[in-house]
Amino acid sequence: MKPFKFLNILLFLLTLNSCAQDNKKVNTVKDYEIIVPELSIPWGFVFLPDNSLLINEKSGELIHFKNGKKSFIEGLPEIYVRGQGGLLDIELHPDYKNSGWIYFTYASSDGEGRGGNTTLMRAQLNNNKLVNKEVLYKASPNSTRGQHFGSRIEFDNEGYLYFTIGDRGNRDENPQDITRDCGKVYRLNDDGSIPEDNPFVNEPNAKAAIYSYGHRNPQGMIKHPETGDIWTHEHGPRGGDEINIIEKGKNYGWPLASFGINYIGTKFTDKTTIPGMKDPLHHWTPSIAPSGMAFISSDIYGEWKGNLLVGSLKFQYLDRCVIENNKVTKKEKLLEGLGRIRSIKQGPDGYIYVGVENLGIIKLLPKK
Amino acid sequence: MRYLIIIILFVFTSCNLNPKQNTKEVQNSIDRGFVVYSDFCVTCHLPNGKGVAKVFPPLAESDYLMNNRSLSIRAIKYGQNGEIIVNGETYNTAMAPLGLSDKEIADVMNYITNSWGNKNDTMITPEEVSKIKK
């Protein structure tokens, strides 16, 4: 009997020991904290100087989250909510403290024709209400197609505003034609006027706001913290999601060159590269359905500094991409299985914040 | 006798015509539904209706779809939030309201309930869709 008793005590001790270890493990494994609970599709968000948040819900609500409370901003324009269209990205003017301008994109049915198309607006905030609203760009024509509105907004170091519009499900007409909107990255001055040195200002009938073309549906855009270059990613069809660095006047190949195939499995091109067109810096095949994009430029995450983070809508994880000499050399999945990842921002405190569908906005904690 | 022939003919033609018209009507709606599906649904639910495990529930041979006609219409009409159980698997992915008209919703419902092994004997009409409340 005695050895059994000893064994029992030993087992009991072991259990205690393992329990303690498990608890510790849980603590270190938990690598996020919910900051804003209960959001549905937080398409885009931004930090105001007082560290409160403005959050775009795709369904057409602009939420101000301050001191743990949500309030709804009034005075939004009419939003065309259909398919992938709705209230999309939001960004602040680089000199927001003095100018007060908030920029956001949304689908609008204004103008000629049935349906809607992507629109860029700026406005100021006054007592929880949008005032001085100005439409800076409205893509045309309207379309009832549900796909590919883009869009992301970003400023570069010179103060130019970039925003994206997807091909609106019309890949054979829009992306390769610079006289048509959609399937493009656009560049504007902060007041919506067109910079004199935009690449196509002297082309007859061209949409002069276009900065690059041949895009499918870019839903990630971020300025590189060191080079100041504008990086984007875009959805491929089945395969062929891409990362690109945007250069003036360049053609990024969609749909003439792609690593993707049609959803039903048929091919639409057998070329993955075409001379004179830009190849992607990286492609995901199979597709992850990328949305949201941010570089880690703070020191909080140690050796992750300089990494690129990309959200996956399809597989529900945050892809941590190690970039060396403009190549993705290593990838690691973070936050797997929490939900569809829609938006990513590095906050003013240097932490990474992630908008997760059906969950909220979470803060990524460094692993110890 | 003449009347009898007319009556018989009438009965015959009416019997023959009605189901034919119905099948044609259903087929037209299914065809339109395929176009809607290819535009709004295929990205997540895929061409084979199988969806993506744990993220996008299947429509093909889906017990939820085939047993919850009104809830399925409601999900397409107003969006889907919260947990649902499909073929024994729990899903909790938000589907935003798609902004479709009642006719488009009826068409796409007729398509998905008559594809990939699904079979629906009662056609969904725009009127039925219009009566579904949030």
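Each value, and the rule that gives it
- Residues numbered from 1 in each chain as written.
- Chains lettered and ligands numbered in written order.
- Predicted model: local features only at pLDDT ≥ 70, side-chain atom pairs only at ≥ 80, totals over all residues.
- Heavy atoms only, no water.
- Helix = DSSP H or I, 4+ residues; strand = E, 2+ residues; numbered from the N terminus.
- Buried < 20%, exposed > 50% of the residue type's maximum accessible area, 1.4 Å probe, protein only.
- Contact = heavy atoms within 4.5 Å.
- Areas by Shrake-Rupley, 256 points an atom, 1.4 Å probe, with all protein chains shown as cover.
- Pairing = 2+ DSSP bridges.
- Polar contact = N/O pair within 3.5 Å; in protein donor to acceptor, adjacent residues only side chain to side chain.
- Axes fitted to C-alpha atoms, helices over the stretch in contact; angles between N-to-C directions.
- Salt bridge = Lys/Arg side-chain N within 4 Å of Asp/Glu carboxyl O.
- Buried area = accessible area lost by both parts, 1.4 Å probe.
- Nonpolar A, V, L, I, M, F, W, Y, C, P; charged D, E, K, R; others polar.

### Things to note about the overall build of chain B
Thought 1: In terms of regular secondary structure, chain B is built from 6 helices and 2 strands.
Thought 2: Across chain B, helices and strands are ordered from the amino to the carboxyl terminus as α-α-α-α-β-β-α-α.
Thought 3: Per-residue burial for chain B yields a buried fraction of 40% across its 134 residues.
Thought 4: Taking the contacts inside chain B whose residues are at least 6 apart along the sequence as the reference set, 61% of them involve residues at least 24 apart.
Thought 5: As displayed, chain B has an accessible area near 7,900 Å², and 59% of this comes from carbon and sulfur atoms.

### As for helix 4 (residues 69–78) of chain B
Thought 1: All of the buried residues along helix 4 of chain B are S72(B), I73(B), A75(B), I76(B) and K77(B).
Thought 2: Looking at the residues trailing helix 4 of chain B, positive phi occurs at G79(B), about 95°.

### Quick notes on the side chain of S212(A)
Thought 1: Position of S212(A) among the secondary structure elements: in strand 13 (residues 210–213).
Thought 2: Sequence-distant contacts of S212(A), defined by excluding residues within four places in its chain, comprise K184(A), V185(A), I246(A), E247(A), K250(A) and Y252(A).

### Observations regarding the pairing of strand 3 (residues 53–57) of chain A
All names here are of chain A.
Thought 1: Taken across its 5 residues, strand 3 has 5 buried, putting it largely inside the fold.
Thought 2: The side-chain alternation of strand 3 yields two buried faces, one formed by L53, I55 and E57 and the other by L54 and N56.
Thought 3: Linking two consecutive strands that pair antiparallel, namely strand 2 (residues 42–47) and strand 3, is a turn of 5 residues; a positive phi of about 70° is found at N51 within it.
Thought 4: When strand 3 meets strand 4 (residues 61–66), the two strands line up antiparallel, connected through 5 bridges.

### Brief notes about unusual backbone geometry
Thought 1: In this structure, the amide linkage connecting S140(A) to the following residue, P141(A), adopts the cis form with an omega of -5°.
Thought 2: Here P141(A) lies in the loop between strand 9 (129–138) and strand 10 (153–155).
Thought 3: Here the residue pair W254(A) and P255(A) is connected by a cis peptide bond, since its omega of 0° sits within 30 degrees of zero.
Thought 4: Here P255(A) is to be found in the loop between strand 16 (241–245) and strand 17 (282–284).
Thought 5: Within the chain, K54(B) stands out as a residue other than glycine whose phi angle is a positive 70°.

### Looking at the side chain of S62(B)
Residue and element names in this part refer to chain B.
Thought 1: Inspection of the secondary structure puts S62 in the loop between helix 2 (42–45) and helix 3 (63–67).
Thought 2: A distance of 3.0 Å separates a polar atom in the side chain of S62 from the backbone nitrogen of L65.
Thought 3: When near neighbours in sequence (up to four residues on either side) are disregarded, S62 contacts V86, N87 and N118.

### A short note on the sheet that holds strand 9 of chain A
Residues and elements named next belong to chain A.
Thought 1: With antiparallel pairing, 4 strands are arranged side by side in an open sheet as 6-7-8-9. The open sheet has two edge strands with one neighbour each: strand 6 (87–92) and strand 9. Put simply, the sheet's adjacent strands are angled 25° from each other on average, direction ignored.

### With respect to the pattern of salt bridges
Thought 1: Inspection of every chain in the model, using the stated rule, returns 19 salt bridges over all chains.
Thought 2: One salt bridge connects R145(A) with D39(B), and the closest N-O pair in it is separated by 3.0 Å. Of the two residues, R145(A) is situated in the loop between strand 9 and strand 10 and D39(B) in helix 1 (residues 2–40); the pairing between them involves two chains.
Thought 3: The exposure class of R145(A) is partly exposed, given its relative accessible area of 33%.
Thought 4: Judged by relative accessible area, D39(B) falls into the buried class, the value being 9%.

### Thoughts on the interface of chain B and chain A
How big an interface is tends to be reported as the loss of accessible area on association of its parts.
Thought 1: Of the residues lining the interface, 23 residues belong to chain B; the matching set on chain A comes to 19 residues.
Thought 2: Across the chain B to chain A interface the summed buried area is about 1,500 Å²; carbon plus sulfur atoms make up 53%.
Thought 3: The salt bridge partner of R82(A) is E104(B), with a shortest N-O separation of 2.9 Å.
Thought 4: Remark: the boundary between chain B and chain A carries 7 residue pairs in polar contact (both at pLDDT 80 or more).
Thought 5: Secondary-structure elements contributing two or more residues to the side of chain B that touches chain A are helix 1 and helix 2 of chain B.
Thought 6: The residue inventory of the side of chain B that touches chain A, partitioned by class, reads 12 nonpolar, 8 polar and 3 charged.

### Let's talk about the sheet that holds strand 12 (residues 184–188) of chain A
Residues and elements named next belong to chain A.
Thought 1: Taken in spatial order, the 4 strands line up as 10-11-12-13 in an open sheet, and their pairing is antiparallel. A single partner strand is all that each edge strand has here, and the edge strands are strand 10 and strand 13. The sheet shows a mean angle of 20° between the axes of neighbouring strands, taken without regard to direction.
Thought 2: In the sheet, strand 10 pairs with strand 11 (residues 161–165) via 3 bridges, with the strands oriented antiparallel. Bridge pairing links F155 to L161 in strand 11.

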